[in-house]
Amino acid sequence: MRSESKNSAADPSARGAEPPAPGGHTPPPAARPARTAIPQPGHAAGAAGLATPGTFSGWAPNVPYLLGVIMFCMGLTMTPQDFSGVVKRPWAVALGLVAHYVIMPGLGWLIANALGLSPQLAAGVILVGCAPSGTASNVVTYLARGDVALSVSVATVSTVLAPLVTPPLTLLLAGEFLPVDAGSMVTDILKTVLLPVIGGLVVRLVAGRYIHRVLGLLPWLSAVTIGVIVAVVVAASADAIKSAAALVLLAVVLHNGLGLALGYGAGKVARLGAPASRAMAFEVGMQNSGLAASLAAAHFSPLAALPAAVFSVWHNVSGAVVAAWMSYRARGAEQRAANG
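The paragraphs below set out a description of the structure included in this document. Source: prediction; values computed, not measured.

## Quick look at the overall build of the protein chain
And then number 1: The number of helices and strands found in the protein chain is 16 helices and zero strands.
And then number 2: Across the 340 residues in the protein chain, those meeting the buried criterion constitute 55%.
And then number 3: Intrachain contacts of the protein chain at a sequence separation of at least 6 include 84% that bridge at least 24 residues.

Okay, structure coming up:
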């Protein structure tokens, strides 16, 4: 997901791996099919939650623990090298963080007001925007032939900063719709995000050679866990989905699509280069919607978690499509350059 052995990085043909994307990091071979398969478990889980909501009744209290599993898996994929980009390119990483935590929260607030969303849905859309970068963003960047090292650095630091940034941003932007307990939200993010990530990182450092053997399974575990979260959230809002589904989908598509476009634009305006701009698109437009769903369900209502559940499915679909398009264009540019 986030790193590859030195031998595979040096020999792209090893174990069938593709050539590293610009930036150096190459995800494990199993990460590619796992990440592109994420939308299928999400769709199936959403359908299951909608068709048989009673199956998932009473599961809501387990959502934070499920999120903890996902973040622990993320920590297992991390190495100290993931933080090295902050030192090597602090300007690019800082730009990615500012763009992420300005563009998506701002878009969430604008979309909520423009569509006249109910207070619960408005708070949910804004909370999605205030979440850190999505856990699949670095692999989608790889598929798009983007700057994976920059993507990994921005995703990692945005997650570490989430307890300090997400609650006050949510209070500022969503406070006009619903009461926000920012202090309690800080505690929840520390427990469900930061501590599991640190725990996973420590385990990786202590038992790295054993963890490396199962790295290819971690994306699948995360995908299934995300699917369960989607099912729980959809089941809890099954009655409201029939009347609000189209509006929520519109809000999510606008939020994600504009985030991808503006993230790419921010990289171009800053003259970071094409690979880095592609990374910026996904670091801005893809959110940790599992965290948003968990926080929305705990601090607002199951209905407020619905935008995050839809975002969980949609941003993987859109990310795969946009990555394929970007990769196609990048290969064409490289071919034209090679031909003179």
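## Quick word on helix 14 (residues 274–285)
And then number 1: Over its 12 residues, helix 14 extends 17 Å from the first C-alpha to the last, a length consistent with the 16 Å expected when each residue adds 1.5 Å.
And then number 2: The buried fraction of helix 14 is high, at 10 of 12 residues.
And then number 3: Where helix 14 is concerned, the buried positions are Ala 276, Ser 277, Arg 278, Ala 279, Met 280, Ala 281, Phe 282, Glu 283, Val 284 and Gly 285.

## Describing the nonpolar core
And then number 1: In terms of nonpolar packing, the biggest core is built from 63 residues, with Met 71, Leu 117, Leu 127, Ile 189, Ile 229 and Phe 300 touching the most fellow members.
And then number 2: In this structure, Phe 300 is in contact with Gln 120, Ala 123, Leu 127, Thr 170, Leu 178, Pro 179, Val 180 and Leu 295, ignoring residues within four places of it in sequence.
And then number 3: Of all hydrophobic cores here, the second largest spans 13 residues; its members include Ala 136, Tyr 142, Ala 144 and Met 286.

## A look at the pattern of salt bridges
Any two side chains of opposite charge can pair, so long as their charged atoms come close to each other.
And then number 1: On inspection of all chains with the given rule, the structure shows one salt bridge.
And then number 2: Close ionic contact of Arg 89 with Asp 147 constitutes a salt bridge, the shortest N to O distance being 2.7 Å. With Arg 89 in the loop between helix 5 (84–88) and helix 6 (90–114) and Asp 147 in the loop between helix 8 (137–143) and helix 9 (148–174), this pair connects stretches of sequence that are 58 residues apart.
And then number 3: Looking at Asp 147, the relative accessible area reads 8%, which means it is buried.

## Notes on the environment of Leu 150
And then number 1: Inspection of the secondary structure puts Leu 150 in helix 9.
And then number 2: C-alpha of Leu 150 to C-alpha of Val 93: the two residues are 57 residues apart in sequence and 6.7 Å apart in space.
And then number 3: With near-sequence residues (within four places) excluded, Leu 150 lies in contact with Arg 89, Ala 92, Val 93, Ala 276 and Ala 279.

## As for helix 10 (residues 182–206)
And then number 1: For helix 10, built from 25 residues, the straight-helix expectation of 36 Å at 1.5 Å per residue is met to within 8% by its first-to-last C-alpha distance of 34 Å.
And then number 2: At Leu 190, helix 10 shows its maximal kink, close to 40°.
And then number 3: Here helix 10 has its buried residues at Ala 182, Met 185, Asp 188, Ile 189, Thr 192, Val 193, Leu 194, Pro 196, Val 197, Gly 200, Leu 201 and Arg 204.
And then number 4: For helix 10, the secondary structure elements touched by its buried residues are helix 4 (63–77), helix 7 (119–130), helix 9, helix 11 (208–211) and helix 15 (289–299).

## Quick notes on the packing of helix 15 against helix 16 (residues 306–338)
And then number 1: Look at helix 15 against helix 16: their axes get within 8 Å of each other, and the N-to-C directions meet at 170°. Taken as axis vectors, helix 15 and helix 16 run roughly antiparallel relative to one another. Two secondary-structure elements touch here, helix 15 through Ser 289, Gly 290, Ala 292 and Ala 293 and helix 16 through Ala 308, Phe 311, Ser 312 and His 315.
And then number 2: The residue inventory of the contact of helix 15 with helix 16, partitioned by class, reads four nonpolar, four polar and no charged.

## A look at the environment of Phe 311
And then number 1: With respect to the secondary-structure elements, Phe 311 resides in helix 16.
And then number 2: On the basis of relative accessibility, which here comes to 1%, the residue Phe 311 falls in the buried class.
And then number 3: Sequence separation of Phe 311 and Gln 287 is 24 residues, and the distance between their C-alpha atoms is 8.1 Å.
And then number 4: If we skip the residues at most four places from it in the chain, Phe 311 touches Met 104, Val 128, Val 252, His 255, Asn 256, Gly 285, Gln 287 and Ser 289.

## Re the side chain of Asn 316
And then number 1: Among the structural elements, Asn 316 can be located in helix 16.
And then number 2: Of the residues examined, Asn 316 reaches a relative accessible area of 7% and is grouped as buried.
And then number 3: There is a polar contact of 3.3 Å between the side chain of Asn 316 and the side chain of His 315.

## Some thoughts on the side chain of Ser 301
And then number 1: Checked against the element boundaries, Ser 301 lands in the loop between helix 15 and helix 16.
And then number 2: The class of Ser 301 is buried, set by a relative accessible area of 14%.
And then number 3: When sequence neighbours within four positions are dropped, the list of residues in contact with Ser 301 reads Gln 120 and Ala 296.

## Observations regarding the environment of Thr 225
And then number 1: With respect to the helices, strands and loops of the structure, Thr 225 is situated in helix 12 (residues 218–236).
And then number 2: Here Thr 225 falls in the buried class, since its relative accessible area comes to 7%.
And then number 3: Sequence separation of Thr 225 and Ile 70 is 155 residues, and the distance between their C-alpha atoms is 6.9 Å.
And then number 4: Setting aside residues no more than four positions away along its own chain, Thr 225 makes contact with Leu 66, Val 69 and Ile 70.

So, how was this worked out
- Residues numbered from 1 in each chain as written.
- Predicted model: local features only at pLDDT ≥ 70, side-chain atom pairs only at ≥ 80, totals over all residues.
- Heavy atoms only, no water.
- Helix = DSSP H or I, 4+ residues; strand = E, 2+ residues; numbered from the N terminus.
- Buried < 20%, exposed > 50% of the residue type's maximum accessible area, 1.4 Å probe, protein only.
- Contact = heavy atoms within 4.5 Å.
- Expected span 1.5 Å × (residues − 1).
- Core = buried A, V, L, I, M, F, W, Y, C linked by side-chain atoms within 4.5 Å.
- Salt bridge = Lys/Arg side-chain N within 4 Å of Asp/Glu carboxyl O.
- Bend = angle between axes of the 7 residues up to and from the residue.
- Axes fitted to C-alpha atoms, helices over the stretch in contact; angles between N-to-C directions.
- Parallel < 35°, antiparallel > 145°, perpendicular 65-115°, else oblique.
- Nonpolar A, V, L, I, M, F, W, Y, C, P; charged D, E, K, R; others polar.
- Polar contact = N/O pair within 3.5 Å; in protein donor to acceptor, adjacent residues only side chain to side chain.

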